[in-house]
Structures are given as structure tokens and as C-alpha cells.
Amino acid sequence: MLVLGIESSCDETAAALVRDGHEVLSSVIASQIETHRAFGGVVPELASREHLRNIGYVVRQAFREAGCRQEEIDGIAVTRGPGLIGSLLVGVSYAKAMAWATGKPLVPVHHIEGHIFSAFIENPGIEYPLLALTVSGGHTSLIHAPQPGRYEVIGRTRDDAAGEALDKIAKFLGLGYPGGPVIDRLARDGDPRRFPFSIPKISDGRLDFSFSGFKTAALRHIAEAGIRPVRPGAPVPQVILDLVASYQRAIVDTLIGQARKAEARLGPRSLLLVGGVACNSLLRASFRETFEDGRLPARVYIPSPAYTTDNAAMIAAAASPRFSGSPSLDLELNASAGLPLVG
Ligand code: KG4
Ligand code: ZN
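Residues numbered from 1 in each chain as written. Chains lettered and ligands numbered in written order. Predicted model: local features only at pLDDT ≥ 70, side-chain atom pairs only at ≥ 80, totals over all residues. Heavy atoms only, no water.

## Points about helix α9 (residues 281–291)
Worth spelling out the cut-off: Only protein chains enter the calculation, and the probe is 1.4 Å; a residue is then buried if its accessible area is under 20% of its type maximum, exposed if over 50%, and partly exposed in between. Here a strand is any run of E in DSSP of at least two residues, a helix any run of H or I of at least four, and the numbering for each starts at the N terminus. Any two residues whose heavy atoms approach within 4.5 Å at even a single point are treated as in contact. In protein, a polar contact means a hydrogen-donor-capable atom and an acceptor-capable atom, both N or O and within 3.5 Å, with residues adjacent in sequence counting only if both atoms are side-chain atoms; elsewhere, any N or O pair within 3.5 Å suffices.
Residues L283, R284, S286, F287, T290 and F291 constitute the buried set of α9. In the core, the buried residues of α9 are packed alongside β6 (130–135), α8 (238–266), β9 (270–274), β10 (299–301) and α10 (305–308). In this structure N280 caps α9, since a side-chain oxygen of it lies 3.1 Å from the backbone nitrogen of L282.

Put into C-alpha cells, the structure is as follows:
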């Protein structure tokens, strides 16, 4: 089973060839970071144009690196949503056209299901029921999958996503874009106990998240400590290192706290940490420390950084089990910016 995956939901144009859901023959990613850097965030209209410019090249490159031809694939998988509508449309239209031209089946994939399957690439034997903490620039949620293809969203952010919260404060402090990796690096030299952040209580029993209060608290600390944004190329003062370390610690503690409650409630066999923020070194270490203490029966899976941020290998992996029923080409298939995860 050889599947071409295509992903274009945000600011990465990606294509990958994956055999049997886990053997990655190629995974090509054209990043738009340089295009959006000057704006400190993704500009949707520019993102769509970049996808249009890159998609043909990226798909051809994926075939070249895998050393195979279009006729050899068994199907095409594409991210249908959620994401930026203009960006999604480029991938979906390209995939539909290619499926029509080659006569290959096309399977639409939910982006979050793709992130969950990123863990299966390196560990095809992951057992259900599973619980996935999905943390990225656009999403933060706890997903319970009692069996393959069935998903229950048991917690989600009520405001910002975790990555968005990191990116926004980094932008405000002039630390660069995207902020998540910069804060990850700078926080290593900071004191996470210097600035207090109180973790919000969610009292209705849901395992939701809220990060906007941390942003407000960070802005208050910045004002009270008289912190000024860092000028490009200038050294980052200790007070900012301490602030970002404290801020990152609060976000990670919130994520781990809710994941811990979900684990206790559901008792899954597998615990997954996925999405772009799963690259974060403190989050990776805390997740392992919390759940690999020898007392829990669940096994922990965290993908390599290459598969945590947006990529097309995870989209091909997620679609692979669905090609066995020979899906026919649905020319009505359309992108969906707010596609819900159901199953
Ligand atoms: O999954 P992803 O590539 O795209 C979305 O689906 O949103 O995630 C991108 C997010 C950005 O917010 C970025 O700052 C964050 O992942 N990120 C990190 C790290 N690497 C990427 N956040 C914290 N620490 C990192 N090392
Ligand atoms: Zn993503």
C-alpha cells in the first residue's frame, strides 16, 4: 500500500510517500517561515499564494526522493481541514485533480487525526484505547480514541492554542518568529520560579485549557518589571530569560495537569504527545517524567521532531487504513476550515 500524502492547512506545503502507513520513502516540506517572519505571524493570503507556487514542485520532489512514479501509488491522501481555507483549498484542489487525472482513489484526512498518526510512523504497533495530547499553533486538545477511527474530544482550549500563546509573547518581546522554538531555547537559561503565573481552574468537569490569562499576566509582569522588547541582534537580558522560562513552565504545567486527569479518568493503554509544540524540550521531558514512572500500564509515544510539526507523512499514515475499501473519487469533496473531528 503506497500512499501520496498532501498537507497544506497552514504555512507548510508538504508531500510524502509512505508505504503501509509507516515506511516513509520521502517527506518534503516547503516552509513559509521566511515569508511570514516580517509580519510576526502567518498572513493567510500570502500563505495561499506560497502554497500555489510550491505545491507542484513539492509533490514532484517527493516522487523524486522516493524513487517512484505516479502510476505506482495506490492512492492519494489530503488534509481536508481544519485550517486556513485558502491554504487548504490549494492542497485539496491539487489532490482532486491528480486523483481524477490518474484514476487513483482519494481519501480526505482531518488534520488532527494526521497529528495522532504521526506517532504511528515510528511505532506502528500502538495499542488502543489511546489518549493524545495534541498541541500546536492552531490547536490544543485531548483526544480519546477507544478504537481505530473513533475519536472523542475530551478537552480543548477555550481561547488561544498553546503554540499561539508562546508565539504571541515572543513576538511582543521581539524574540523572533516562530516564538515556540525561540522560547524553548531561551528558557533553558532562565529561572522558571521568578515570575508567578496562576493556573486557571476549570470547574465544569471538562478537561479544557485556557491560556489567555497567562498572556495577560505576562503583559502585567512586563509592565511592572519595566521590560522593553529586545532589538534585533541585541543580547537577551536575564529578566526576559526568567520571564519566558516562567511562562513556558506555566503552559507546560497546565498541559500536563489536564493530561494527568484525563489519564486517571480513562486509563488508556497508550499516551501520545503530538503537534508542533510536542517539539518543546520541557514538555517532552515532563510528559515522560509524569507518565513513564513505572506505575502506569500505559506506554508513552512522542514522535521525532520531524513528524511533530506539520508534515504530509502523517496525513498519508492516517489515510492508509482507509484505502482497503477502494474509496471512489468524490468530486464534490471540498476543504473545510472548521472541520470537526468526529468518528
Ligand atoms: O503543528 P504545527 O507545525 O502547526 C499547526 O498545526 O499549528 O505547530 C506549530 C507550532 C507553532 O506555534 C510553533 O511555535 C510551535 O508549534 N513549536 C514549538 C516548538 N517548535 C514548534 N513550541 C514550543 N517549543 C518548540 N520547540
Ligand atoms: Zn498541525
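Once the structure has been displayed, the description carries forward.
## Description of helix α7 (residues 212–224)
Filter applied, for reference: Here the expected length of a helix is defined as 1.5 Å per residue gap, with one fewer gap than residues. The arc in question is the one traced by the directions running from the helix axis out to the C-beta atoms.
Between the first and last C-alpha of α7 there are 19 Å, a value that for 13 residues agrees with the 18 Å anticipated at 1.5 Å per step. Among all positions of α7, only F214, K215, A217, A218, H221 and I222 are buried. Here the buried residues of α7 occupy an arc of 165 degrees about the axis, which is enough to place them on one side. In α7, the exposed positions angled more than 90 degrees off the buried face are occupied by T216, A223 and E224. Taken together, the buried residues of α7 touch α5 (162–172) and α8. Following α7 by one or two positions, G226 adopts a phi angle in the positive range, close to 65 degrees.

## Topic: the site of ligand 1
Spelled out, the test is: Note on definitions. A residue lies near a molecule or strand when any single heavy atom of the residue is within 4 Å of it. Residue polarity is assigned by list, with Asp, Glu, Lys and Arg as charged and Ala, Val, Leu, Ile, Met, Phe, Trp, Tyr, Cys and Pro as nonpolar; anything else, Gly included, falls into the polar class. For every domain, the bounds stem from an assignment made automatically or drawn from a database.
Taken together, 18 residues lie around ligand 1, and G137, D167, D184, G276 and D310 are the ones closest in. Interatomic distance of 3.4 Å between a side-chain N/O atom of S136 and an oxygen atom of ligand 1. Measuring from an oxygen atom of ligand 1, one finds a backbone N or O atom of G163 at 3.5 Å. For the shell around ligand 1, the secondary-structure elements that each account for two or more residues are α4 (111–122), α5 and α6 (179–187). For the shell around ligand 1, the residue count by class is five nonpolar, ten polar and three charged. Domain assignment of the residues forming the shell around ligand 1 places at least three in each of domain 1 (2–116 + 307–325) and domain 2 (127–305).

## So, the sheet that holds strand β3 (residues 23–31)
Selection criterion: Here a strand pair is declared whenever DSSP counts at least two bridges between the two strands. Axis lines are fitted through C-alpha atoms, for helices just across the contact stretch, and the angle between N-to-C directions can take any value from 0 to 180 degrees.
Spatially, the five strands line up as an open sheet ordered β3-β2-β1-β4-β5, and their pairing is mixed. If you trace the sheet from one side to the other, it starts and ends with β3 and β5 (106–110), each paired once. If you compare each strand with its neighbour and ignore which way they point, the axes differ by 20 degrees on average. Summarising the sheet, strand β4 (residues 75–81) and β5 pair through five bridges and their orientation is parallel.

## Some points on the coordination of the zinc ion (ligand 2)
What counts is decided by this rule: Distances up to 2.8 Å from the metal define which N, O and S atoms are donors, and 3.2 Å serves for Na, K and Ca; water is absent from the atom set, so sites may look incomplete.
Binding of the zinc ion (ligand 2) to the protein goes through H111 (NE2), H115 (NE2) and D310 (OD), at separations of 2.1 Å. Mapping the donors of the zinc ion (ligand 2) onto the primary sequence gives the spacing H-x3-H-x194-D. Placement of both H111 and H115 in helix α4 is noted, with a separation of four residues, approximately one turn of the helix. Of the residues examined, H115 reaches a relative accessible area of 0% and is grouped as buried.

Just geometry here; none of it tells us what the structure is for.
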